[in-house]
Each structure stands twice: as C-alpha cells, then as structure tokens.
Amino acid sequence: MLIVKQKIKLFFFSNSKKFISFVIMSRLKNLLRNKYFLVLLLASVWIVFFDNYNLRAQLKMTQRIEQLEHDKLHYQEKIEALDFERDQLFSNPEELERFAREHYFMKKRGEEVFIIGE
C-alpha cells in the first residue's frame, strides 16, 4: 500500500501541470453539478447580457449622465454671465444705451446708423 501511494505521489508531482488541470476539472465538475451555482450563473449571465438594464446599457447611461452634468455646469456658467450682464444693463443707463445701439441698431434723433457687414 505504501508503495502505491508513493507511485501516485511520484506520478502527480512529476506531471504537476496534469495534476493541476485534473484538480481544476474535478472542482469545475462539482460546481456544475451544484444547482445553486447553476442558478446563480444563469441569473448573472441574464443580468449582464440580456436584461433591459444590462452592462452595456448601464455604461451608456453613465456616459449620458456625465455628459448632462457637464452641460449643466456649462449652462449654469452661461446663466451667471448673463445675470451679471443684465444687472449691469439695468443699473447703468449708459450701458443700456450702448447695448441697444449694438444689438438693436437704435439711434438718437438726427443720427444716421451705418451697418457694415463682416
């Protein structure tokens, strides 16, 4: 009996790659026979690949959220700049007159306005 065990050990240690693959395959077979593992595996595959909110959809939604947050910051900065400009226009009559002349081509009586296109 001792000689047989030594031969088995010698065989497995001399072919360690075969031994490792044998152990892995035997554990894999045991896992695949386990019904709880199979249900978990099927549920995971379903969620990752086939569900409405699968992995690809989650990544797309994350990118879309980042883009929308970037746009939100951009528009908030624009709103702040426009609020500042509005406050300047309503507090200073000369500034209001300049704005009206530049944007709406208004003029005083007796003036002529020449518009030069760029």
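A brief look at the structure comes next. The model shown is predicted, which means the values in this text are computed figures rather than measured ones.

So, about the overall build of the chain. When helices and strands are counted, the chain shows five helices and zero strands. Going residue by residue from the N terminus, the α and β elements of the chain occur as α-α-α-α-α. Split into buried and exposed, the 118 residues of the chain put 4% on the buried side. For the chain, the accessible area works out to roughly 11,900 Å², and carbon and sulfur atoms hold 64% of it.

As a further point, take the pattern of salt bridges. Enumeration according to the criterion identifies five salt bridges in this entry. For the salt bridge of Glu95 with Arg98, the shortest nitrogen-to-oxygen distance reads 2.3 Å. Of this pair, Glu95 and Arg98 are both found in helix 5 (residues 93-104), three residues apart, which corresponds to roughly one turn of the helix. Residue Glu95 is classed as partly exposed on the basis of its relative accessible area, which comes to 25%. Among the salt bridges present, the one from Glu97 reaches Arg101, with a minimum N-O distance of 3.3 Å. Taken together, the residues Glu97 and Arg101, both in helix 5 and four residues apart, mark about one turn of the helix.

Our focus in this paragraph is helix 4 (residues 55-91). Here helix 4 contains 37 residues, and its C-alpha end-to-end distance of 54 Å stays within 8% of the 54 Å for a straight helix at 1.5 Å per residue. For helix 4, the N-terminal cap is Asn54; the gap from its side-chain oxygen to the backbone nitrogen of Arg56 is 3.3 Å.

Attention now goes to the packing of helix 4 against helix 5. Contact pair helix 4 / helix 5: the axes reach a minimum separation of 5 Å and the direction vectors enclose 115°. Comparing their axes, helix 5 and helix 4 come out roughly perpendicular. Touching Glu85, Gln88, Leu89 and Ser91 of helix 4 are Pro93, Glu95, Leu96 and Phe99, all from helix 5. For the contact of helix 4 with helix 5, a count of residues per class yields four nonpolar, two polar and two charged.

What counts, and where the lines are drawn
Residues numbered from 1 in each chain as written. Predicted model: local features only at pLDDT ≥ 70, side-chain atom pairs only at ≥ 80, totals over all residues. Heavy atoms only, no water. Helix = DSSP H or I, 4+ residues; strand = E, 2+ residues; numbered from the N terminus. Buried < 20%, exposed > 50% of the residue type's maximum accessible area, 1.4 Å probe, protein only. Areas by Shrake-Rupley, 256 points an atom, 1.4 Å probe, with all protein chains shown as cover. Salt bridge = Lys/Arg side-chain N within 4 Å of Asp/Glu carboxyl O. Expected span 1.5 Å × (residues − 1). Polar contact = N/O pair within 3.5 Å; in protein donor to acceptor, adjacent residues only side chain to side chain. Axes fitted to C-alpha atoms, helices over the stretch in contact; angles between N-to-C directions. Parallel < 35°, antiparallel > 145°, perpendicular 65-115°, else oblique. Contact = heavy atoms within 4.5 Å. Nonpolar A, V, L, I, M, F, W, Y, C, P; charged D, E, K, R; others polar.

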